[in-house]
Number of protein chains: 2
Amino acid sequence: MNEWSLPETELFDRIRSSLDEDVDAVLVTVIDVEGSAYRRPGAKMLIRPDGGAGSITAGCLEDEVKDLATDVLDAGTARVETWDLTGDDDVWGMGVGCNGVITVLLEPLTDDYTPVVDARNRGDPVAVATVVDGDLPIATRGYYAAGEFDGDLPIWVCEEIRQATERLLADGGSDLLTVSRGSDGDATGTEEASVDVFVNGIRPPPEVVVFGSGHDVRPVVELATLVDFRVTVVAFRGGHIDDDRLAGADEVISASPHEVADLREWDGDTYAVVMTHNFVDDRITIDVLLETPVPYLGLMGPRKRFAEMREAFAAEGRTFTDAELERIYTPIGVNLGGDSPYQIAYSIVAELLAVANDRDPCHLTDRAGPIHDRVEGESS
Amino acid sequence: MNEWSLPETELFDRIRSSLDEDVDAVLVTVIDVEGSAYRRPGAKMLIRPDGGAGSITAGCLEDEVKDLATDVLDAGTARVETWDLTGDDDVWGMGVGCNGVITVLLEPLTDDYTPVVDARNRGDPVAVATVVDGDLPIATRGYYAAGEFDGDLPIWVCEEIRQATERLLADGGSDLLTVSRGSDGDATGTEEASVDVFVNGIRPPPEVVVFGSGHDVRPVVELATLVDFRVTVVAFRGGHIDDDRLAGADEVISASPHEVADLREWDGDTYAVVMTHNFVDDRITIDVLLETPVPYLGLMGPRKRFAEMREAFAAEGRTFTDAELERIYTPIGVNLGGDSPYQIAYSIVAELLAVANDRDPCHLTDRAGPIHDRVEGESS
């Protein structure tokens with residue numbers, strides 16, 4: 001098993017099967033980063049004697065981490081390790097370095113991680129709070145879901161981290177928190193204590209629902225799956241759906257357009273791609289989805305086609321609020337050019353990523369500002 | 001063989017092998033589009049008795065085209081076919097339609113297409129000029145490369161289309177041209193004639209050269225290949241290169257940074273991704289590439305890292321012109337968010353597409369203008 005880059009859902013599948021099959025494994029989690037690093041806190045890797053899955057750096061640390069994992073398995077106890085990857089370039093001109101200082105937690109994978117895997121499989125958000133330093137044993141763990149803590153963390157720690165945990169759970173973010181309590185003198189004998197707790201908000205992946213059954217659906221499904229979307233395909237009119245067409249889709253549904261509202265739970269983490277190539281079906285789908293919380297409705301076709309839809313709606317007395325119109329993206333996709341099936345799909349999935357991550361899809365170099373500012377040492 | 005969506009390079013491989021193996025095949029080319037359609041003029045599909053490769057629509061015409069292809073093979077002659085896909089929605093409310101009017105040329109694949117395949121394999125641009133209507137037999141063909149015509153087109157036609165053909169070859173575009181000549185009375189007996197000629201400029205795919213050997217190279221190679229880039233990987237310091245790591249790369253080169261200038265022909269159709277994770281190697285690579293015509297140097301890492309590079313350069317007396325700085329994109333990639341290996345690679349390849357296609361990577365819906373304008377029939 002050597003799968004350095006795989007979607008998080010598949011990593012959790014590997015964790016699940018390691019637990020089910022009782023295979024020795026070490027779970028490695030990035031808990032802190034200073035400066036820049038390839039992955040962010042919360043990134044995970046699973047290491048087993050037969051290989052690894054997932055990644056925590058671009059490759060510069062993986063061998064060292066694997067060696068440490070062997071030690072962790074042998075010792076049976078968790079440990080925290082920090083690597084300073086910022087090199088001192090000037091001294092030797094060697095320039096080695098991935099940048100940044102990265103701290104990871106390595107822990108034997110045990111059954112006490114099962115509630116996390118279960119929650120994610122059910123599609124329920126769960127925050128994992130793990131002691132990484134201080135006055136409690138490393139890897140002492142609590143779970144937070146639906147407003148409640150469970151697990152082995154002392155109540156006082158849970159109360160100290162509750163607010164931050166709720167926020168990290170909502171964002172799907174991670175943070176390293178230091179919490180402490182004072183001594184209460186002789187009252188109950190409570191001692192001073194301080195712990196560092198890594199809180200990892202784990203949310204189920206965002207979902208994409210693709211409405212269509214043409215050949216052009218498959219590249220969209222394939223690319224969306226590679227970048228960690230859960231993908232459902234909805235085909236109308238008994239459209240030709242076969243496994244070959246939809247490699248990778250998590251679910252394929254045959255339905256009629258008027259059934260769309262009842263097909264599933266529609267929420268704010270679901271993004272719709274409307275590409276049936278049928279004017280009436282697209283129109284009904286847009287109409288129905290606007291009544292749900294789905295924040296993004298990407299409609300394939302030129303702007304003119306949507307204008308014709310609005311005329312058809314207007315003839316029935318159906319008008320759109322500005323808020324509704326803002327949810328509709330048409331023509332669908334980011335402006336990348338290209339007209340091959342994969343290039344069109346690439347543009348669509350790029351837009352899905354940008355919207356799901358709340359980003360404006362400009363060049364990152366432009367976002368960082370002008371590159372032309374003089375630096376010290378350059379003559380004017 | 002059923003490969004509806006495959007990179008153009010692979011389609012040409014299928015054409016090549018059909019010719020080599022003397023397999024009956026029909027080449028289908030989109031020659032004209034009115035309104036909007038899924039593919040543009042020049043899009044190709046190859047149909048054989050054992051299946052098809054490539055696509056000309058999103059799926060709505062492929063079956064009809066396959067039936068016609070059978071007729072074309074039986075008759076042994078080319079034909080032109082037009083489909084009006086704009087449906088009359090109001091009458092029946094059926095709303096069928098992919099939009100647009102699409103015209104295709106279907107022709108038996110014969111050895112006279114070999115020069116095209118050969119040119120593309122060599123990486124040489126070639127324009128193919130094919131008669132599709134008028135006073136010459138359909139599929140009469142000429143080729144244009146390096147300023148010269150060859151093939152079966154009469155000289156007078158070549159001269160009439162020369163200027164447009166040179167332009168289409170430079171752009172890699174396609175167009176349907178009507179050319180004619182008048183009668184010259186009794187002088188040489190030349191008669192009036194008019195022909196429609198489809199000119200298809202075929203350029204080799206743009207190239208991406210990825211400098212790096214970390215685990216993170218493979219997702220970049222994989223995604224770039226899907227969207228029709230030719231991909232070369234250059235690994236320094238004997239970096240661990242193995243097939244598994246680089247699935248899909250067209251070429252893998254081991255070198256040292258100072259050898260970069262001589263590694264290959266560097267031109268304006270080549271885009272560089274610099275991701276060695278080694279400060280010195282990245283720096284040398286940038287320095288060397290700036291001396292070549294490569295228009296895009298994407299540098300992985302935060303802006304600060306490049307600022308440090310410039311300080312190091314300045315200490316050696318090397319400064320950058322504004323023109324040089326404009327070629328450097330750092331941080332690399334389009335702002336899509338996400339931090340998994342495939343999401344990072346997705347952002348990089350999105351930028352490569354945008355730059356290669358000379359596009360500003362905004363939402364297409366924003367580029368089409370405000371969606372809020374009132375349409376006729378909506379009450380204010």
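Residues numbered from 1 in each chain as written. Chains lettered and ligands numbered in written order. Predicted model: local features only at pLDDT ≥ 70, side-chain atom pairs only at ≥ 80, totals over all residues. Heavy atoms only, no water.

1. Looking at the overall build of chain A
And step 1. Helix and strand counts for chain A come out as 11 helices and 17 strands.
And step 2. Here chain A holds 380 residues, and the buried ones make up 54% of them.
And step 3. In chain A, the share of contacts with a sequence separation of at least 24, taken over all contacts with a separation of at least 6, comes to 60%.
And step 4. Of the roughly 16100 Å² that chain A leaves accessible, carbon and sulfur atoms contribute 45%. (Helix = DSSP H or I, 4+ residues; strand = E, 2+ residues; numbered from the N terminus. Buried < 20%, exposed > 50% of the residue type's maximum accessible area, 1.4 Å probe, protein only. Contact = heavy atoms within 4.5 Å. Areas by Shrake-Rupley, 256 points an atom, 1.4 Å probe, with all protein chains shown as cover.)

2. Regarding the sheet that holds strand 11 (residues 193-202) of chain A
To summarise the sheet geometry, strands pair through backbone hydrogen bonds and adopt either a parallel or an antiparallel arrangement.
All names here are of chain A.
And step 1. What the 5 strands build is an open sheet, ordered 9-8-7-11-10; its pairing is antiparallel. The open sheet has two edge strands with one neighbour each: strand 9 (148-151) and strand 10 (174-181). Along the sheet, successive strands turn relative to each other by an average axial angle of 30 degrees, direction set aside.
And step 2. Sheet topology note: the strand 10/strand 11 ladder contains 8 bridges and is antiparallel. Of the residues in strand 11, the one forming a bridge with D175 is V199.
And step 3. Sheet contacts for helix 4 (residues 114-122): strand 7 (126-134), strand 8 (141-145) and strand 11; angle to strand 7, the most-contacted strand, approximately 155 degrees. (Pairing = 2+ DSSP bridges. Axes fitted to C-alpha atoms, helices over the stretch in contact; angles between N-to-C directions.)

3. Describing the interface of chain B and chain A
Interfaces are often described in size by the accessible area the parts lose on coming together.
And step 1. Between chain B and chain A, the contact holds 91 residues from the first and 91 residues from the second.
And step 2. Taking both partners together, chain B and chain A bury about 8000 Å²; carbon and sulfur atoms supply 57% of that area.
And step 3. Connecting chain B to chain A are 2 salt bridges.
And step 4. Ionic pairing is found between B:D339 and A:R39, a salt bridge with its closest N-O pair at 3.5 Å.
And step 5. Connecting chain B to chain A are 29 residue pairs in polar contact (both at pLDDT 80 or more).
And step 6. Secondary-structure elements contributing two or more residues to the side of chain B that touches chain A are helix 6 (217-226), helix 7 (279-290), helix 8 (303-315), helix 9 (322-327), strand 17 (328-329), helix 10 (341-356) and helix 11 (364-367) of chain B.
And step 7. Top element by residues in the side of chain B that touches chain A is helix 10 of chain B. It accounts for 13 residues. (Buried area = accessible area lost by both parts, 1.4 Å probe. Salt bridge = Lys/Arg side-chain N within 4 Å of Asp/Glu carboxyl O. Polar contact = N/O pair within 3.5 Å; in protein donor to acceptor, adjacent residues only side chain to side chain.)

4. Some words on the domain arrangement of chain A
All names here are of chain A.
And step 1. Domain boundaries in chain A define domain 1 (8-109), domain 2 (124-202) and domain 3 (207-356).
And step 2. Summarising the inter-unit geometry, the C-alpha centres of domain 1 and domain 2 are found 23 Å apart.
And step 3. Counting residues at the interface gives 13 residues for domain 1, matched by 10 residues for domain 2.
And step 4. Of the roughly 840 Å² buried between domain 1 and domain 2 on both sides combined, carbon and sulfur atoms contribute 71%.
And step 5. It is I31, L105 and E107 that lose the most area in domain 1 upon contact with domain 2, and together they represent 42% of the buried surface on that side.
And step 6. At the boundary of domain 1 and domain 2, one finds 1 salt bridge.
And step 7. Here R141 ties to E107 by a salt bridge, and the two come within 2.7 Å at their closest N and O atoms. (Domains from an automatic or database assignment.)

5. Some remarks on a negative patch on the surface
All names here are of chain A.
And step 1. A surface patch of like charges, here negative, comprises D63, E64, D67, D71 and D74.
And step 2. In this structure, E64 sits in helix 2 (residues 62-75).
And step 3. You can call E64 partly exposed: its relative accessible area is 42%. (Patch = residues over 30% accessible without salt bridge, like charges linked within 9 Å, V, L, I, M, F, W, Y side chains within 5 Å. Lys, Arg positive; Asp, Glu negative; His and termini not counted. Charge placed at Lys NZ, Arg CZ, Asp CG, Glu CD.)

6. Looking at the relation of the copies chain B and chain A
And step 1. For the pair chain B and chain A, the best superposition has an RMSD of 0.0 Å and corresponds to a rotation of 180 degrees with a translation of 0.0 Å parallel to the axis. Interpreted geometrically, this transformation is the action of a two-fold axis.
And step 2. Taken as a fraction of all interface residues of chain B, those also at the interface in chain A reach 100%, which identifies the copy contact as same-surface. (Least-squares fit on C-alpha atoms with pLDDT ≥ 70 in both.)

7. Describing the UniProt feature "domain: XdhC- CoxI" (unreviewed entry) in chain A
And step 1. Cross-referencing UniProt, the feature "domain: XdhC- CoxI" (unreviewed entry) maps to residues 20-83 of chain A in the present numbering.
And step 2. What you have in residues 20-83 of chain A is 23% helix and 36% strand, and the ends, taken at the C-alpha atoms, are 32 Å apart. (UniProt positions renumbered as here; feature names shortened; annotations may be inferred.)

8. Focus on unusual backbone geometry
All names here are of chain A.
And step 1. Residues T330 and P331 are joined by a peptide bond in cis, for which omega reads 0 degrees.
And step 2. Mapped onto the elements, P331 comes out in the loop between strand 17 (328-329) and helix 10 (341-356).
And step 3. Despite not being glycine, H277 has its phi angle at roughly 60 degrees, a positive value.
And step 4. Within the element layout of this structure, H277 appears in the loop between strand 15 (270-274) and helix 7 (279-290).
And step 5. On the accessibility criterion, H277 (18% relative accessible area) is buried.

9. Concerning the pattern of salt bridges
And step 1. One pass over the structure, following the stated rule, counts 43 salt bridges over all chains.
And step 2. Between A:R79 and A:E81 there is a salt bridge; the shortest N-O distance is 3.3 Å.
And step 3. Given the relative accessible area of 31%, A:R79 is considered partly exposed.
And step 4. The residue B:R305 makes a salt bridge to B:D282 at a minimum N-O spacing of 2.9 Å. In this pair, B:R305 sits in helix 8 while B:D282 sits in helix 7, placing the two residues 23 residues apart along the sequence.
And step 5. For B:R305, a relative accessible area of 6% gives the class buried.
And step 6. A relative accessible area of 1% places B:D282 in the buried class.

10. What about helix 2 of chain A?
Residue and element names in this part refer to chain A.
And step 1. For helix 2, spanning 14 residues, the distance from its first C-alpha to its last is 20 Å, which sits close to the expected 20 Å at 1.5 Å a residue.
And step 2. Among the residues of helix 2, those classed as buried are E62, V65, L68, A69 and V72. Mapping the buried residues of helix 2 onto a view down its axis gives an arc of 115 degrees, with all of them on the same face. Facing away from the buried side of helix 2 by more than 90 degrees, the exposed set consists of D63, D67 and D74. (Expected span 1.5 Å × (residues − 1). Arc of directions from axis to C-beta.)

11. Structural notes on the packing of helix 6 of chain B against helix 10 of chain B
All names here are of chain B.
And step 1. Interaxial distance between helix 6 and helix 10 falls to 8 Å at its minimum, and their mutual angle equals 50 degrees. One finds that helix 6 runs oblique with respect to helix 10. The interaxial crossing formed by helix 6 with helix 10 has right-handed handedness. In contact with P219, V220, E222, L223 and A224 of helix 6, helix 10 contributes P341, Y342, A345, Y346, I348 and V349.
And step 2. Looking at side-chain class alone, the contact of helix 6 with helix 10 contains 10 nonpolar, no polar and 1 charged residues. (Parallel < 35°, antiparallel > 145°, perpendicular 65-115°, else oblique. Left-handed = near helix turned anticlockwise from the far one by under 90°. Nonpolar A, V, L, I, M, F, W, Y, C, P; charged D, E, K, R; others polar.)

12. Details of the side chain of B:R318
And step 1. As for its position among the elements, B:R318 is in the loop between helix 8 and helix 9.
And step 2. Within the structure, B:R318 has its side chain in polar contact with the side chain of B:D287 (distance 3.1 Å).

13. Section: the side chain of A:N200
All names here are of chain A.
And step 1. Structurally, N200 is set in strand 11.
And step 2. Classification of N200 as buried rests on a relative accessible area of 5%.
And step 3. Residues contacting N200, with those up to four places away along its chain left out, are G42, K44, V126, A127, V128, G173 and S174.

14. Looking at the packing of aromatic side chains
And step 1. Counted by the stated rule, this structure contains 15 aromatic pairs over all chains.
And step 2. Ring geometry for A:F211 and A:F236: centres 6.0 Å apart, planes at 40 degrees, overall tilted. Note that A:F211 is positioned in strand 12 (residues 207-211) and A:F236 in strand 13 (residues 230-236), a separation of 25 residues in sequence.
And step 3. Residue A:F211 is classed as buried on the basis of its relative accessible area of 0%.
And step 4. Note on B:F313 and B:F320: the rings are 5.2 Å apart at their centroids and 85 degrees apart in plane angle, and the pair reads as edge-to-face.
And step 5. Owing to a relative accessible area of 2%, B:F313 belongs among the buried residues under this scheme.
And step 6. Note that A:R283 overlies the ring of A:F313, its terminal NZ or CZ placed 4.6 Å from the centroid. (Phe/Tyr/Trp six-rings, centres within 6.5 Å; stacked < 30°, edge-to-face > 60°. Lys NZ or Arg CZ within 6 Å of the ring centre and 35° of its normal.)

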